[in-house]
Amino acid sequence: MSMDYLKQDNINRYLNTKIIGRNVVFLEQVDSTNNYAKNNDLSNGSIVTCEEQTTGRGRLGRRWESQKGMCMSIVLIPEIELSQISRITQVGAAAVAEALEELEINAQIKWPNDIFLKGKKICGILTEMKTEKDKHPYVVVGIGMNVNNDHFPDEIKDIASSLFLETGRVIEKSLIAAKILNHFEELYNEFICGNFNMTLDICRKKSYVIGKQINLIENNSVRKATAVDIGSEGELVVVTEDGKTEKIISGEVSVRLDI
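Residues numbered from 1 in each chain as written. Predicted model: local features only at pLDDT ≥ 70, side-chain atom pairs only at ≥ 80, totals over all residues. Heavy atoms only, no water.

Enquirer: Go over the pattern of salt bridges with me, naming the residues and quoting the values.
Expert: Evaluated as defined, the whole model comprises 16 salt bridges. A salt bridge links Glu233 to Arg87; its shortest N-O distance comes to 1.9 Å. With Glu233 in the loop between β9 (221–230) and β10 (236–240) and Arg87 in helix α3 (residues 87–102), this residue pair connects regions lying 146 residues apart in the sequence. Judged by its relative accessible area of 11%, Arg87 is buried. Through salt bridges with shared partners, one network takes in Lys110, Asp114 and Lys121. (Salt bridge = Lys/Arg side-chain N within 4 Å of Asp/Glu carboxyl O. Helix = DSSP H or I, 4+ residues; strand = E, 2+ residues; numbered from the N terminus. Buried < 20%, exposed > 50% of the residue type's maximum accessible area, 1.4 Å probe, protein only.)

Written out as structure tokens, the structure is:
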């Protein structure tokens, strides 16, 4: 088993944040770091990490495998309107892309929450929230990344990959986690202060979908469109086949046109 545990001391070697990641809850095994974070009242900026995640899941309930991957969930208690919470997913995506660029890895963001490298998914982000009366929302941002995975099942190997498989480099998980947290705190603090533009600029620059023909998958129906921009609220701006411009707030996007 890997000795590159995502523990406080290991992460601290590379961390330069003030709050985010300064309290690490490390678990050898857990069903989901997001579940643990949601079910335990942790302080703002705490993170939950693990060595093995048994029922990790992605957006829309999809399962995520954690073998040789990096699992961490960030706890946030933001003083913002509930309508703004969804934007934190894009803050996370931008932070991941910037962290990888710092490691000279040119990853891209598939709106709104997946990270792609050389056309394959290497990372997903899942933001969840719980609310209680008269309290600020309790938000959990889960980040699952394939880091040193050396193989994938046949059914997904054409669409999923890892940093190791795409770069040939074995990379310390603690290093990547800390770099993500460093960038996350900077972008998140700007966002909380009302500046979402830093995140948007990165999401546009690193976009995997802008300029491409895509499928919009909504309520089991599929429509073709062309992604043209990311709007000021974080929505995906598309032009449909009949020439209409639409702003997509939620839903799934695929760049595979054979579905």
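Enquirer: Mind laying out the packing of aromatic side chains, listing which residues take part and the relevant values?
Expert: One pass over the full model with this rule turns up four aromatic pairs. Pairing Tyr5 with Phe26 gives two aromatic rings, centres 5.4 Å apart and planes at 45°, and the pair type is tilted. Of the two residues, Tyr5 sits in the segment before α1 (8–12) while Phe26 sits in strand β1 (residues 24–30), which places them 21 residues apart along the sequence. Pairing Phe184 with Tyr188 gives two aromatic rings, centres 5.6 Å apart and planes at 15°, and the pair type is stacked. Taken together, the residues Phe184 and Tyr188, both in helix α5 (residues 173–192) and four residues apart, mark about one turn of the helix. The pair formed by Phe184 and Tyr188 is uniform in burial state, with each residue classed as buried. (Phe/Tyr/Trp six-rings, centres within 6.5 Å; stacked < 30°, edge-to-face > 60°.)

Enquirer: Outline the sheet that holds strand β8 (residues 213–218), listing residues and values.
Expert: With respect to topology, five strands assemble into an open sheet ordered β11-β10-β9-β8-β12, the strand pairing being antiparallel. The sheet terminates laterally at β11 (245–248) and β12 (252–254), the two strands that pair on one side only. Across the sheet, the axes of successive neighbouring strands diverge by a mean angle of 45°, strand direction being ignored. Relative to β12, β8 is paired through three bridges, and the arrangement is antiparallel. (Pairing = 2+ DSSP bridges. Axes fitted to C-alpha atoms, helices over the stretch in contact; angles between N-to-C directions.)

Enquirer: Give a description of α3 that names residues and reports values.
Expert: With 16 residues, α3 should reach 22 Å at 1.5 Å per residue; the first-to-last C-alpha distance of 23 Å fits that figure. Of all 16 residues in α3, 14 are buried; the element is thus mostly enclosed. (Expected span 1.5 Å × (residues − 1).)

Enquirer: Could you give an account of the environment of Thr17, naming the residues involved and the relevant values?
Expert: With respect to the helices, strands and loops of the structure, Thr17 is situated in the loop between α1 and β1. For the pair Thr17 and Gly45, spaced 28 residues apart in sequence, the C-alpha separation works out to 9.8 Å. Not counting residues up to four positions away in its chain, the partners in contact with Thr17 are Arg22, Leu181, Asn182 and Glu185. There is a polar contact of 2.5 Å between the side chain of Thr17 and the backbone oxygen of Ile20. (Contact = heavy atoms within 4.5 Å. Polar contact = N/O pair within 3.5 Å; in protein donor to acceptor, adjacent residues only side chain to side chain.)

Enquirer: Quick one: what's the story with the side chain of Asn149, residue by residue and with numbers?
Expert: The topology assignment puts Asn149 in the loop between β7 (138–146) and α4 (163–167). A distance of 3.0 Å separates the side chain of Asn149 from the backbone nitrogen of Val147, its partner in a polar contact.

Enquirer: Describe the side chain of Ser73, listing the residues and the values that go with them.
Expert: Within the secondary structure, Ser73 is located in strand β3 (residues 69–76). Overall, Ser73 belongs to the buried group, its relative accessible area being 0%. There is a polar contact of 2.7 Å between the side chain of Ser73 and the side chain of Thr33. Beyond its immediate sequence surroundings of up to four residues, Ser73 is in contact with Thr33, Asn34, Ala37, Ser46, Ile47, Val48, Val140, Val141 and Gly142.

Enquirer: Requested: an account of the sheet that holds β7, with residues and values cited.
Expert: Think of a sheet as strands paired side by side through backbone hydrogen bonds, with each pair either parallel or antiparallel. Pairing in this open sheet of seven strands is mixed, and the strands run β1-β2-β3-β7-β6-β5-β4 from one edge to the other. The outermost strands of the open sheet, each flanked by one partner alone, are β1 and β4 (108–110). The mean inter-strand angle of the sheet, taken between neighbouring strand axes irrespective of direction, is 20°. As paired elements, β3 and β7 share eight bridges and run antiparallel to each other. Paired with Leu76 across the two strands is Val139, which belongs to β7. Docked against the sheet, α3 engages β3, β4, β5 (114–117), β6 (120–130) and β7, running at close to 145° with respect to β6.

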